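Okay, here's what each chain looks like letter by letter:
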Amino acid sequence: MSEIEQLIVCGGCNAKIGPGDLGSLLKDLPKRHDDRLLVGFESTDDAAIIKLNDEQVMIQTLDFFPTMVNDPYLFGKIAATNALSDVYAMGGTVLSALNIVAFPEEKDLNILKEILRGGAEKVIEAGGILAGGHSIHDHSVKYGLSVTGLAHPDDILMNNAGQIGDHLILTKPLGVGIITTGYSVGEIDQSAFDEAVYNMETLNKYAMEIIRSYPINSCTDVTGFGLLGHLHEMLHDEYSAVIHSDRLPYITAAYQGAKEFILTAGGQRNRNYLTPFVDFKQNDFAIEELLFDPQTSGGLLVSVPAQYAEKLTTELNKLDIKSADIGEIVARETKEMIVQ
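None of the values given here were measured: they were computed from a predicted structure.

**Overview of the overall build of the protein**
At step 1: Across its full length, the protein carries 11 helices and 13 strands.
At step 2: Within the span of the protein, comprising 340 residues, buried residues form 55% of the whole.
At step 3: Counting only contacts in the protein whose residues sit at least 6 apart along the sequence, the fraction spanning at least 24 positions is 85%.
At step 4: Just so you have it, the protein exposes about 14800 Å², and 53% of that area is on carbon and sulfur atoms.

Here it is as C-alpha cells:
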C-alpha cells in the first residue's frame, strides 16, 4: 500500500461539534457591538458579514476538518470546496483564501503537497486568490481554508429570511456522509463513492450563478448538521416546513446503506438534537437517516417564492448535478418540520 493510500478516513463534516453543544458554547461568549458587523456568531448564519461601505460588504468564513477520503488530492479539493461554499451561501463571490493545515511531523510531505494542490485548484476555479496560510504539526491530518468574499449589501442572502409559501429547493443529493463511511469499511462500492466525490468537489458557484438572478428570500448550504439541522436554522422557531420525502434527491447507494444500518456518528448527534422538532409522517428509517446525515460540501438550500420555484428548478437542472423542489415553508405548527 502506498503512502498516499494511508490517509485515515475519519472526518469531513461528520467531525463537526453537534448543533446543540455548539449553541450552548457560543451563547455566553463576550460580544462587542459594532454597526459594521451585519452578521456575526450570535446568529446561526454561514459566514460573518462586515460592511465596508455603501457598495460593498466583506464575507468572512473558515472551515477545516479531518480526512474523509484516503486520496490526499481529492481531500484537498473537497475540503476547499466545502470552505468556499459559505461565501456562495451568503450570495457573494470569492476574493481570497488562506490555507489552514495540520499535518503529522513524521508523515511524507508529498502527501501534504497533494492536499494543497487540490485546494489550490479549487480556489482558482472559484476565481479567488490563494494568498498563503498557516500550518502546524498535529497527530492527524486536517485541512481547510479561511475565505474572504465580497458582495453588494443588497445582494446578501441570509439563512433565516424565508417566508410562508416559499418553496425549498436543494441543489445536491443527500447521502455523502453515509457513502464515505460505508466505503471506508468496504460496504459501499466504488461507483457510489465516485458519485459522492463528484458531488463534494463541485463548487456551489455554478448553482449560485443561476440562483442569484431570482428573488431568493433565504439561502444556506447543507453541511455537518444535515438537511434538517440547516432547515431548523432557516425556520428559526418562527415557521414550519413540510418536506416531501418522495421528492428528496439522494444517492441511491446511501439509501440502501442506511437501510442496512450504515450510520454516522454525526448523523446520530443530529438525530438526538433535532428529533423534538420533527414529525415523521412516513415510516422509513433510511429516509430519516438521509435527512440527518452530515453532508460534506453539500448543496445549497434555497427558499424562493412559489411562482419562481418551477422555473428556477428547471434552470438549475441544466447543470450536471440535479436539484429538486423538496417542500414548502408554512405557518408554525406543533412541530417545526413535518416529513411526509
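**With respect to the packing of aromatic side chains**
Any pair of aromatic rings gets described here by the distance separating the centres and the angle formed by the planes.
At step 1: What the rule picks out here adds up to seven aromatic pairs.
At step 2: With 5.4 Å between their ring centres and 25 degrees between their planes, Tyr250 and Tyr255 make a pair best called stacked.
At step 3: Using a relative accessible area of 30% as the deciding quantity, one classes Tyr250 as partly exposed.
At step 4: Seen from the ring of Tyr73, Arg117 lies directly overhead, with NZ or CZ sitting 4.0 Å from the centre.

**Comments concerning the pairing of strand 9 (residues 240-243)**
At step 1: Burial along strand 9 is two-sided: Ser240 and Val242 facing one way and Ala241 and Ile243 facing the other are all buried.
At step 2: In the sheet, strand 9 pairs with strand 12 (residues 324-330) via four bridges, with the strands oriented antiparallel. If you follow Val242 over to strand 12, its bridge partner there is Glu328.
At step 3: Two strands pair when backbone bridges link them, and strand 9 and strand 13 (residues 337-339) are joined in this way by three bridges, in the parallel orientation. Counterpart to Val242 in the pairing with strand 13 is Ile338.

**Brief notes about the UniProt feature "binding site: Mg(2+)" (unreviewed entry) in the protein**
At step 1: UniProt annotation of "binding site: Mg(2+)" (unreviewed entry) refers to Asp46, Asp86 and Asp221 when read in the numbering used here.
At step 2: There is a polar contact of 2.9 Å between the side chain of Asp86 and the side chain of Thr61.
At step 3: Looking at the secondary structure, you find Asp221 in strand 8 (residues 218-221).
At step 4: In this structure Asp221 comes out as buried when scored by relative accessible area, which is 1%.

**Things to note about the packing of helix 8 (residues 252-259) against helix 10 (residues 285-292)**
In helix packing, the relevant descriptors are the interaxial angle and the interaxial distance, both defined with respect to the helix axes.
At step 1: Running from N to C, helix 8 and helix 10 point in directions that differ by 115 degrees, and their axes come no closer than 8 Å. Considering only the axes of helix 8 and helix 10, their crossing is right-handed. Of the residues in helix 10, those in contact with Ala254, Tyr255, Ala258 and Lys259 of helix 8 are Phe285, Ala286, Ile287, Glu289 and Leu290.
At step 2: Grouping the amino acids of the contact of helix 8 with helix 10 by side-chain chemistry returns seven nonpolar, no polar and two charged.

**Considering the pairing of strand 5 (residues 129-137)**
At step 1: Summarising burial for strand 5: zero of the nine residues are buried, a small minority.
At step 2: The pairing of strand 4 (residues 93-103) with strand 5 spans seven bridges and is classified as parallel. From the neighbouring strand, Ala97 faces strand 5, where its bridge partner is Leu130.
At step 3: This β-α-β element, strand 4 to helix 3 (residues 109-125) to strand 5, shows right-handed connectivity.

**Points about helix 7 (residues 226-235)**
At step 1: Most of helix 7 is tucked away, with 10 of its 10 residues classed as buried.
At step 2: The complete set of buried residues in helix 7 reads Gly226, Leu227, Leu228, Gly229, His230, Leu231, His232, Glu233, Met234 and Leu235.
At step 3: At the exit of helix 7 stands His236, carrying a positive phi of roughly 40 degrees.

**Structural notes on the side chain of His232**
At step 1: Its location among the elements puts His232 in helix 7.
At step 2: Exposure remark for His232: the relative accessible area of 15% places this residue in the buried category.
At step 3: Those residues in contact with His232 that lie beyond four places of it in its chain are Tyr273, Leu274, Phe277, Glu336 and Met337.

**Some points on the sheet that holds strand 8**
Strand pairing in a sheet relies on backbone hydrogen bonds. The paired strands run either parallel or antiparallel.
At step 1: Reading across the sheet, the seven strands line up as 8-11-7-12-9-13-10 and stay open at both edges, with mixed pairing between neighbours. In this open sheet, the two strands that pair with only one neighbour each are strand 8 and strand 10 (278-280). Neighbour-to-neighbour, the strand axes of the sheet open up by a mean angle of 20 degrees, direction not taken into account.
At step 2: Across four bridges, strand 7 (residues 167-170) lies against strand 11 (residues 300-304) in antiparallel orientation. In the sheet register, His167 faces strand 11, and the bridge partner there is Val304.
At step 3: Relative to the sheet, helix 11 (residues 306-316) contacts strand 7, strand 11 and strand 12, its axis offset from that of strand 7 by approximately 10 degrees.

**Here we look at the environment of Lys51**
At step 1: Positionally, Lys51 belongs in strand 2 (residues 48-53).
At step 2: The spacing of Lys51 and Asp35 is 16 residues in sequence and 8.3 Å in space, taken between C-alpha atoms.
At step 3: At 3.3 Å, the side chain of Lys51 forms a polar contact with the side chain of Asp54.

**Points about the pattern of salt bridges**
At step 1: Counted by the stated rule, this structure contains 12 salt bridges.
At step 2: One salt bridge in this structure joins Arg247 and Glu328, with 3.4 Å as the shortest N-O distance. One end of the pair, Arg247, is in the loop between strand 9 and helix 8; the other, Glu328, is in strand 12, with 81 residues separating them in the sequence.
At step 3: Owing to a relative accessible area of 35%, Arg247 belongs among the partly exposed residues under this scheme.
At step 4: A single network of salt bridges, built from pairs that share partners, joins Glu114, Arg117 and Glu121.

Rules used throughout
- Residues numbered from 1 in each chain as written.
- Predicted model: local features only at pLDDT ≥ 70, side-chain atom pairs only at ≥ 80, totals over all residues.
- Heavy atoms only, no water.
- Helix = DSSP H or I, 4+ residues; strand = E, 2+ residues; numbered from the N terminus.
- Buried < 20%, exposed > 50% of the residue type's maximum accessible area, 1.4 Å probe, protein only.
- Contact = heavy atoms within 4.5 Å.
- Areas by Shrake-Rupley, 256 points an atom, 1.4 Å probe, with all protein chains shown as cover.
- Phe/Tyr/Trp six-rings, centres within 6.5 Å; stacked < 30°, edge-to-face > 60°.
- Lys NZ or Arg CZ within 6 Å of the ring centre and 35° of its normal.
- Pairing = 2+ DSSP bridges.
- UniProt positions renumbered as here; feature names shortened; annotations may be inferred.
- Polar contact = N/O pair within 3.5 Å; in protein donor to acceptor, adjacent residues only side chain to side chain.
- Axes fitted to C-alpha atoms, helices over the stretch in contact; angles between N-to-C directions.
- Left-handed = near helix turned anticlockwise from the far one by under 90°.
- Nonpolar A, V, L, I, M, F, W, Y, C, P; charged D, E, K, R; others polar.
- Right-handed = clockwise from strand over helix to strand, strands pointing away.
- Salt bridge = Lys/Arg side-chain N within 4 Å of Asp/Glu carboxyl O.

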